[in-house]
Amino acid sequence: MRQLPDPPAGRTGWPWTVEEDPALPKTDQGSGWPRITVVTPSFNQADFIEETLRSVLLQGYPNLDYIVIDGGSTDGSVEVIEKYSPWLSYWCSEGDRGQSHAINMGFERSDGDLLGWINSDDIFYPGALQAVAEGLSDADLFLGGMVKVRMEGDGHVEEKRSTPFKGQPIHHIRILKRGPRHDFHFYQPSLFWKRWVWEKAGPLDERYHYVMDVEWCNRALAQRASVSLSDRPLARFLLHDDSKSVALEERFSAEWFR
């Protein structure tokens, strides 16, 4: 924290004035921590992206590959990213074909053993990346819990604390017949996977802009990837007036139907 830029005035708590204790040098099994790639796609999210950046960098995780792909923002986002650029593996700000393309660009640059992405208005909770490394020690996909909060004035109000159904079937498409659809609870910020899954399932389908995460996850499950579930909340999902989940619900429905 002493190395990072000072937080904006009035910001306290995680990840502004609190940091996670560094992970131990080796895992419980005695080996070094696997390299984790985190990709953050962003476009005109200057009000939120600094909190996201700090929530990743202050994890205390010793083997981090952090990549930020900005879509050519004009709202001050680039200036924020530049402040944190010494701690990023790679970043750019240029036009792209949308969020799915930006995420794919990031993973093309990655060198991690474990992969995941977090959007520029969400954050990880302390210890999230260490939990991911431990959860993927004997599985191919890891899915943790998530807390959904809504902006109200200058603060946040918790709307829902969600956890996957531990021990229940995770496949929900009929062709992967292992249970009804409601048995699959999907929380993208808390999803990570091993590199072979990405290489086998392929990148995100850039035809999708709203449900690309679930569409990809179904392809990953179809590769017979094993799944580890945890009820521990790893991430905070933020609802605000400009978030896609709030402003573009009809487009989500159209892509679900497709």
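Residues numbered from 1 in each chain as written. Predicted model: local features only at pLDDT ≥ 70, side-chain atom pairs only at ≥ 80, totals over all residues. Heavy atoms only, no water.

## Quick notes on the pairing of strand E7 (residues 155-162)
Okay, step 1: With seven bridges connecting them, strand E6 (residues 141-152) and E7 associate as antiparallel partners. Across the sheet, the residue bridging to Lys-148 is Lys-160, located in E7.
Okay, step 2: The turn linking E6 back onto E7 is made up of two residues, and Gly-153 within it adopts a positive phi angle of 65°. (Pairing = 2+ DSSP bridges. Helix = DSSP H or I, 4+ residues; strand = E, 2+ residues; numbered from the N terminus.)

## Here's the deal with the side chain of Glu-255
Okay, step 1: In this structure, Glu-255 sits in helix H8 (residues 249-257).
Okay, step 2: With relative accessibility at 6%, the residue Glu-255 sits in the buried group.
Okay, step 3: A polar side-chain atom of Glu-255 sits 2.9 Å from the main-chain amide nitrogen of Tyr-210.
Okay, step 4: One polar contact links the side chain of Glu-255 to the main-chain amide nitrogen of Val-211, over a distance of 3.1 Å.
Okay, step 5: Once residues lying within four places of it in the same chain are set aside, the contact partners of Glu-255 are Arg-207, Tyr-208, His-209, Tyr-210 and Val-211. (Buried < 20%, exposed > 50% of the residue type's maximum accessible area, 1.4 Å probe, protein only. Polar contact = N/O pair within 3.5 Å; in protein donor to acceptor, adjacent residues only side chain to side chain. Contact = heavy atoms within 4.5 Å.)

## Considering the layout of surface pockets
Okay, step 1: In this model, the second largest pocket occupies a volume close to 390 Å³.
Okay, step 2: As for the second largest pocket, its lining consists of 17 residues, of which Met-1, Gln-3, Glu-19, Leu-57 and Leu-58 are closest to the centre. (1 Å grid on protein atoms, 1.4 Å probe; cavity = no way out; pocket = protein on both sides within 12 Å on 5 of 7 lines; lining within 4 Å. Points joined across faces, edges and corners; volume = space filled by probe spheres on them.)

## A word on helix H6 (residues 212-222)
Okay, step 1: With eight of eleven residues buried, H6 lies mostly within the body of the structure.
Okay, step 2: Turning to H6, its buried residues number three or more, namely Met-212, Asp-213, Val-214, Trp-216, Cys-217, Asn-218, Ala-220 and Leu-221.

## A short note on the pairing of strand E3 (residues 90-93)
Okay, step 1: Here strand E2 (residues 64-70) pairs with E3 via four bridges, running parallel. Bridge pairing in E3 links Val-68 to Trp-91.

## Side note on the packing of helix H1 (residues 49-57) against helix H2 (residues 77-84)
Okay, step 1: The geometry of H1 relative to H2 is characterised by a closest axis approach of 10 Å and an angle of 20° between their N-to-C directions. As the angle between them shows, H1 and H2 are arranged roughly parallel. Considering the relative orientation of H1 and H2, their crossing is right-handed. Along the contact surface, H1 presents Ile-49, Glu-50, Leu-53, Arg-54 and Leu-57, while H2 presents Val-80, Ile-81, Lys-83 and Tyr-84.
Okay, step 2: Here the residues of the contact of H1 with H2 sort into six nonpolar, no polar and three charged. (Axes fitted to C-alpha atoms, helices over the stretch in contact; angles between N-to-C directions. Parallel < 35°, antiparallel > 145°, perpendicular 65-115°, else oblique. Left-handed = near helix turned anticlockwise from the far one by under 90°. Nonpolar A, V, L, I, M, F, W, Y, C, P; charged D, E, K, R; others polar.)

## Overview of the confidence of the model for the protein chain
Okay, step 1: Chain-level pLDDT for the protein chain is 87 on average; 86% of the residues reach the 70-or-more range.
Okay, step 2: Counting contacts from residues 172-183, a segment whose pLDDT is below 50, to residues more than four positions away or on other chains yields 21 contacts. (pLDDT = per-residue confidence, 0-100.)

## Let's talk about unusual backbone geometry
For residues other than glycine, phi is negative in most cases, and the peptide bonds are mostly trans.
Okay, step 1: Trp-14 connects to Pro-15 through a cis peptide bond whose omega is -5°.
Okay, step 2: Within the element layout of this structure, Pro-15 appears in the segment before strand E1 (36-42).
Okay, step 3: One non-glycine residue with positive phi stands out, namely Arg-224, at about 65°.

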